[in-house]
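# Descriptive structure summary
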Amino acid sequence: MTTRNLNILNEFNILYLEDDDSLLKQTRDMLEDFVKNVFAVKTSEAALQVLKKEKIDIIISDILLENENGIDFLRDLKVNKNINIPTVLTTAHTDTKYLLDAIKLKIENYIVKPINLKELLNTLHDIVLPLIQEKEIHKNSNIIKTISAITDSKQVEVVKCILDHLNERNELVASYSDIMQKVSISKPTLIKLFKELSEKKILVKIAHKTYRFDEKALELV
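Because the structure is a prediction, the values reported are computed rather than measured.

Here the focus is the overall build of the chain. For the chain, the count of helices and strands is nine helices and 10 strands. Over its C-alpha atoms the chain spans a radius of gyration of 22 Å, topping by over 25% the 17 Å that the globule rule assigns to 221 residues. With the C-alpha coordinates aligned to their principal axes, the bounding extent of the chain is approximately 65 × 40 × 30 Å. Out of the 221 residues in the chain, the part that is buried amounts to 42%. Long-range pairs, those at least 24 residues apart, make up 62% of the contacts in the chain between residues at least 6 apart in sequence.

Moving on: the UniProt feature "modified residue: 4-aspartylphosphate" (unreviewed entry) in the chain. Taking the numbering used here, the UniProt-annotated feature "modified residue: 4-aspartylphosphate" (unreviewed entry) corresponds to D62. If you trace the backbone, D62 turns up in strand β3 (residues 58-62). Beyond its immediate stretch of four places on either side in the chain, D62 contacts L17, E18, D19, G70, T90, T91 and K113.

The geometry of an aromatic ring pair is captured by two quantities: the separation of the ring centres and the angle between the planes. Counted under the stated rule, the structure contains two aromatic pairs. Taken together, a centroid distance of 5.3 Å and an interplanar angle of 90 degrees make the contact between Y176 and F194 edge-to-face. A residue pair is termed long-range when its members are at least 10 positions apart, and Y176 in helix α7 (residues 176-182) and F194 in helix α8 (residues 187-199) qualify at 18 residues. Residue Y176 is classed as partly exposed on the basis of its relative accessible area, which comes to 25%. Judged by its relative accessible area of 6%, F194 falls in the buried class. A ring pair is formed by F194 and Y211, whose centres lie 5.0 Å apart and whose planes are at 75 degrees; its orientation type is edge-to-face. Taken together, the positions of F194 in helix α8 and Y211 in strand β10 (residues 210-213) put the pair 17 residues apart, joining distant regions of the chain. Here the aromatic residues Y176, F194 and Y211 are joined through ring pairs into a cluster of three or more.

What follows covers the sheet that holds strand β8 (residues 171-173). Spatially, β8-β10-β9 is the arrangement adopted by the three strands of the open sheet, whose pairing is antiparallel. Strands at the two margins of the open sheet, each flanked by one partner only, are β8 and β9 (203-207). Adjacent strand axes in the sheet meet at a mean angle of 30 degrees, parallel and antiparallel pairs treated alike.

In this section: the domain arrangement of the chain. Each assigned domain of the chain is listed here: domain 1 (7-137) and domain 2 (151-219). The straight-line distance from the C-alpha centre of domain 1 to that of domain 2 is 37 Å.

For the structure on display, the rule yields 13 salt bridges. Here K25 and D29 are joined by a salt bridge, their closest N and O atoms 2.9 Å apart. In this pair, K25 and D29 are both assigned in helix α1 (residues 21-31), four residues apart and thus about one turn of the helix distant. Under the relative-accessibility criterion, K25 is labelled partly exposed at 47%. The class for D29 is partly exposed, based on a relative accessible area of 28%. One continuous salt-bridge network, built from bridges that share partners, spans E18, D62 and K113.

What counts, and at which threshold
Residues numbered from 1 in each chain as written. Predicted model: local features only at pLDDT ≥ 70, side-chain atom pairs only at ≥ 80, totals over all residues. Heavy atoms only, no water. Helix = DSSP H or I, 4+ residues; strand = E, 2+ residues; numbered from the N terminus. Rg over C-alpha atoms; globule rule 2.2 N^0.38 Å. Buried < 20%, exposed > 50% of the residue type's maximum accessible area, 1.4 Å probe, protein only. Contact = heavy atoms within 4.5 Å. UniProt positions renumbered as here; feature names shortened; annotations may be inferred. Phe/Tyr/Trp six-rings, centres within 6.5 Å; stacked < 30°, edge-to-face > 60°. Pairing = 2+ DSSP bridges. Axes fitted to C-alpha atoms, helices over the stretch in contact; angles between N-to-C directions. Domains from an automatic or database assignment. Salt bridge = Lys/Arg side-chain N within 4 Å of Asp/Glu carboxyl O.

Structure below.
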């Protein structure tokens, strides 16, 4: 039996939609020990407000909400708002109609209440694992492209360090000293690398100790 590494969940934000106060709090409290953030709401309107303000990686939604239907909410997101976020449906019912609707919307999974935490966590793991793998492949591709843009192959480790420390906005917040603490490289060589990347507009300084990594510039390499 494969053991899942649930630590990978701590980089992801969850939107949890459930109209039962007790279950909402219970499941939210459990998930908070494993994921980055849990945004727990009771209505689709509140869920929409979260989606406008936060980067959500996975939606967990009950099907039968008070005066509304979770499947209708998800359909509106996908069809009318073009928001496609991996989704797990929870329900106390096993009605075939709901299952068929979920299949049509390409819902990732369907969990019957009472929610089993292990089943939910395993489901979340299986959803985010391909996302992490795709991100890693993309990062490695960027490393290769960036290396081809510089002249000194000794700087490869620095390039990897830069890409490893980009935030969600593709920004590096670090000084030369910060990088030199992580990578054994002389300051002149490091300055030369940053200058080359800057001239090719791959790494652009936007503020003090802050640089934006521009993937589009790699297309011109």
